[in-house]
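Inside the fold
In case you want the letters, here they are:
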Amino acid sequence: MPTLRQLEYLVTIVDEGSFTRAAELLHITQPGLSHQFQALEREIGSPLLERLPRTVRPTPTGRAMLPHARAALAEARRATTAARRAAGLATGELHLATLYSISYGLLPAALGAWRRSHPGVRVRLFEHRRADELAAAMNAGQADIAVGPPPPGWEGPVRHLGTEEFLVVTRTDDPAAGSARAPRVHLADLAEREWVHFTPDSGLADLLDQACAAAGFRPRVAVRTEQAPAAANYAATGLGPTLVPANTIPPHFNGAVLRPDPPVSRPLTAYTRTTPDPVTAAFLDILTDRSLLTPRHILRRLGPAASG
């Protein structure tokens, strides 16, 4: 049975692409690392790495083993943290996984409150582009808690945080802005426009495409970006409309903010693999209290229409 230390060797060698760099990082001699790794390959009964002139590459066996090695190491780290928490130690790390847009829009207030109430517990943040990648990483043991859309078929605890609203952003003098007292726009009216879109590997790209498809068109692309705040800024300068989470739009934003018709939204949850320990549960409580899915400054901009 491979030891945790051997699994750490495998992960580090693959991540560094070199036995030499891995040995330096692990504070072990290169011959010692090679000897231990050969022992692991004998235990498995098959080569795990292909040695190339300038790097190493996992074999099919190595690729099959790698995600389980990462999960085992993550589980061991969490076990250590849980033991410290059970012993009453207010130290350690809380591992949190989420999407880029949620990291920017929803988490800052919650993390600020967490730091004030638990100054000795650090937060390690893992950010992902897509909800399916987030769920896969969480299932593999990357984090204590994930914040994102509800994962299909999730078997662990799930806490619903609410519904995240998406808004159209464009320049302030855009004719599509309509009435300042009830700022709405029919997405179909923007069918001939070029859009500030998102890179294909971003989950926001799928969401924008689906919203436009529901309105009967495929959006033409003026420019693509990976981040919602950048998309909003580009849209405000006149490059084209975009669709972003309401909580990523900052106060005093210099652009028009419109509610799309039909509405666009996604449910958000916090989910864990097992029953949350006391520290994870405490963060869940803070996250729920601070979940301003549609910030007050956006509600004020949207006016009476924001309540219905």
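With that out of the way, let us pick up the overall build of the chain. For the chain, the helix and strand inventory stands at eleven helices and twelve strands. Its C-alpha atoms put the chain at 70 × 50 × 35 Å along the principal axes. By the burial criterion, 45% of the 308 residues in the chain qualify as buried. When contacts within the chain are restricted to residue pairs at least 6 apart in sequence, long-range pairs at least 24 apart make up 75% of them. With 33 positive and 29 negative side-chain charges, the chain shows a separation of 4 Å between the mean positions of the two kinds.

What follows is about the environment of glycine 238. In this fold, glycine 238 is placed in the loop between helix H9 (228–236) and strand S10 (242–245). Glycine 238 sits in the partly exposed class, given a relative accessible area of 37%. Taking the C-alpha atoms as reference, glycine 238 lies 9.1 Å from aspartate 173; in sequence the two are 65 residues apart.

Of the pockets and cavities examined, the largest pocket occupies roughly 360 Å³. If you trace the largest pocket, you find 21 residues lining it, with Leu99, Ala131, Gly203, Leu204 and Arg266 closest to the centre. At the level of elements, helix H5 (100–105), helix H7 (131–139), helix H8 (203–214) and strand S12 (264–271) are the ones that each hand at least two residues to the lining of the largest pocket. With five residues, H8 is the single largest residue contributor to the lining of the largest pocket. Looking at the lining of the largest pocket, its residues break down into nine nonpolar, six polar and six charged.

Conventions used here
- Residues numbered from 1 in each chain as written.
- Predicted model: local features only at pLDDT ≥ 70, side-chain atom pairs only at ≥ 80, totals over all residues.
- Heavy atoms only, no water.
- Helix = DSSP H or I, 4+ residues; strand = E, 2+ residues; numbered from the N terminus.
- Buried < 20%, exposed > 50% of the residue type's maximum accessible area, 1.4 Å probe, protein only.
- Contact = heavy atoms within 4.5 Å.
- Lys, Arg positive; Asp, Glu negative; His and termini not counted.
- Charge placed at Lys NZ, Arg CZ, Asp CG, Glu CD.
- 1 Å grid on protein atoms, 1.4 Å probe; cavity = no way out; pocket = protein on both sides within 12 Å on 5 of 7 lines; lining within 4 Å.
- Points joined across faces, edges and corners; volume = space filled by probe spheres on them.
- Nonpolar A, V, L, I, M, F, W, Y, C, P; charged D, E, K, R; others polar.

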